[in-house]
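What follows is each chain in one-letter form.
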Amino acid sequence: MSSAAGRAGDAVKWVAQLGLRNSGNRPSISLPAVTAPPTPWNKTITGHRRFAMRTTSLDNVKRLKDATGSTVNDIVMAICAGGLREYLLSHDALPDRPLRAMVPVSIRTGDEADPWTNRVSAIVAELPTDCADPVERVARCRKAMQDAKRTHELVPAAELVDLSRYSPPVLSTAAVRLASRLRLADRVSQPFNVVISNVPGPRQPLYFAGSKLCHQFPVSIVTDGQASISPW
């Protein structure tokens with residue numbers, strides 16, 4: 001446990017120093033702000049919760065990708081930024097600063113003994129919710145994701161610790177319950193506003209009892225202080 005904590009600390013130190021380095025062939029990285037702007041979602045959760053669904057075709061997303069020279073993930077991030085912006089505007093709660101999104105990324109190497117093992121790290125990127133122009137939002141999402149990925153890639157592979165492997169379930173559950181009981185999400189600034197987990201869907205049609213599966217709507221974990229979007 002202490003060894004894992006030490007490696008995690010080394011990873012944090014490495015990332016923190018990236019913004020200060022600009023020597024040789026090492027690119028200089030501008031790290032984003034430490035905390036996210038407050039929004040109505042970044043509070044302690046209650047029994048009053050909402051689940052919303054929207055659908056669009058992958059072909060539409062790919063056309064936008066090709067037209068803007070972006071990736072599918074860039075377009076997904078831009079769509080999320082636009083939706084969050086409209087919601088916050090309608091509730092007179094849009095911050096002046098961009099929101100921040102935590103995006104899970106796989107750190108699997110393909111050499112894992114168990115082919116079904118999940119190894120997940122994360123990047124944090126700005127969501128240009130302060131931008132009214134949808135085309136500019138795509139460009140800013142593309143740059144934000146490139147910057148976040150570049151920072152992630154500069155961390156040595158040995159330091160990309162899958163922290164979930166080192167968190168004892170009993171301890172982590174107790175910590176979450178204590179944080180909820182103390183309503184820490186209402187008192188402490190959050191490092192990001194929303195989790196956006198973009199999971200690729202099946203590559204071929206799926207059927208159940210002769211009926212074709214048309215849509216899937218994943219439901220992610222509900223936690224204090226965070227909104228969650230799960231594109232599929």
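Worth saying up front: this structure is predicted, and the values here are computed from it rather than measured.

Asks: Help me understand the overall build of the protein chain in this model?
Replies: Secondary structure assignment for the protein chain yields five helices and six strands. Helices and strands appear in the protein chain in the N-to-C order α-α-α-β-β-α-α-β-β-β-β. Within the span of the protein chain, comprising 232 residues, buried residues form 28% of the whole. In the form shown here, the protein chain has an accessible surface area of approximately 15,200 Å², with 57% of it arising from carbon and sulfur atoms.

Asks: Would you take a moment to explain unusual backbone geometry for this structure?
Replies: One non-glycine residue, Asp92, lies in positive phi territory at about 50°. Here Asp92 is to be found in the loop between α3 (72-90) and β1 (99-106). One non-glycine residue with positive phi stands out, namely Ala209, at about 55°. Mapped onto the fold, Ala209 is located in the loop between β4 (207-208) and β5 (211-212). According to the relative accessible area criterion, Ala209 is exposed, its value standing at 74%.

Asks: I would appreciate a short explanation of the layout of surface pockets in the present structure.
Replies: A water-sized probe, rolled over the atoms, reveals where empty space remains. Volume-wise, the second largest pocket comes out at about 180 Å³. Lining of the second largest pocket is provided by Leu64, Ala67, Thr68, Ile75, Ala78, Ile79, Pro134, Val135, Arg137 and Val138. The set of elements that each furnish at least two residues to the lining of the second largest pocket consists of α2 (58-68), α3 and α4 (134-154). Sort the elements by how many residues they give to the lining of the second largest pocket and α4 lands first, with four residues.

Asks: Explanation requested: the side chain of Gln226 in the structure shown.
Replies: Locating Gln226 in the fold gives a position in the loop between β5 and β6 (227-229). At 3.3 Å, the side chain of Gln226 and the side chain of Gln190 are in polar contact. A polar contact is formed between the side chain of Gln226 and the backbone oxygen of Phe192, at a distance of 2.9 Å. Each residue touching Gln226, except ones within four places of it in the same chain, is listed here: Trp41, Asn42, Gln190, Phe192, Asn193 and Val194.

Asks: Explanation requested: α3 in the structure shown.
Replies: The periodicity of an α-helix, 3.6 residues per turn, causes residues three or four positions apart to be oriented the same way. With 19 residues, α3 ought to run about 27 Å at 1.5 Å a step, and its terminal C-alpha atoms sit 27 Å apart, in line with that. Turning to α3, its buried residues number three or more, namely Asn73, Asp74, Ile75, Val76, Met77, Ala78, Cys80, Ala81, Gly82, Leu84, Arg85 and Leu88. A positive backbone phi angle near 50° is found at Asp92, which sits one or two residues after α3.

Asks: Quick question: what am I supposed to make of the confidence of the model for the protein chain here?
Replies: Note: predicted coordinates in regions of low pLDDT should not be interpreted at a detailed level. A residue-level look at the protein chain finds 68% of positions with pLDDT of 70 or above and a mean pLDDT of 77. In this model residues 11-16 is a low-confidence stretch, pLDDT under 50, and it forms 10 contacts with partners more than four residues away in sequence or in other chains. For the stretch residues 18-33, pLDDT sits under 50, and the model shows 23 contacts to residues farther than four places along the chain or on other chains.

Asks: How do you make sense of the pattern of salt bridges when you look at a structure like this?
Replies: It is possible for side chains bearing opposite charge to pair when their charged atoms get close. Enumeration over the complete set of coordinates arrives at four salt bridges. A salt bridge links Arg150 to Asp147, with the shortest nitrogen-to-oxygen separation between them at 2.8 Å. Highlighted residues: Arg150 and Asp147, both in helix α4, separated by three residues, approximately one helical turn. Judged by relative accessible area, Asp147 falls into the partly exposed class, the value being 21%. When salt bridges with common partners are traced through the structure, they connect Lys143, Asp147 and Arg150 into a single cluster.

Asks: Is there a simple way to explain the pairing of β1 in this structure?
Replies: Looking along a regular strand, one sees side chains alternate from face to face of the sheet. Looking at chain direction, β1 and strand β2 (residues 120-127) are connected through eight bridges and run antiparallel. By the bridge assignment for β2, Met102 is matched with Val124. Relative to strand β3 (residues 194-196), β1 runs parallel, the two being bridged by two bridges. Within β3, the position partnered with Met102 by the bridge is Val195.

Reading the values: rules and limits
- Residues numbered from 1 in each chain as written.
- Predicted model: local features only at pLDDT ≥ 70, side-chain atom pairs only at ≥ 80, totals over all residues.
- Heavy atoms only, no water.
- Helix = DSSP H or I, 4+ residues; strand = E, 2+ residues; numbered from the N terminus.
- Buried < 20%, exposed > 50% of the residue type's maximum accessible area, 1.4 Å probe, protein only.
- Areas by Shrake-Rupley, 256 points an atom, 1.4 Å probe, with all protein chains shown as cover.
- 1 Å grid on protein atoms, 1.4 Å probe; cavity = no way out; pocket = protein on both sides within 12 Å on 5 of 7 lines; lining within 4 Å.
- Points joined across faces, edges and corners; volume = space filled by probe spheres on them.
- Polar contact = N/O pair within 3.5 Å; in protein donor to acceptor, adjacent residues only side chain to side chain.
- Contact = heavy atoms within 4.5 Å.
- Expected span 1.5 Å × (residues − 1).
- pLDDT = per-residue confidence, 0-100.
- Salt bridge = Lys/Arg side-chain N within 4 Å of Asp/Glu carboxyl O.
- Pairing = 2+ DSSP bridges.

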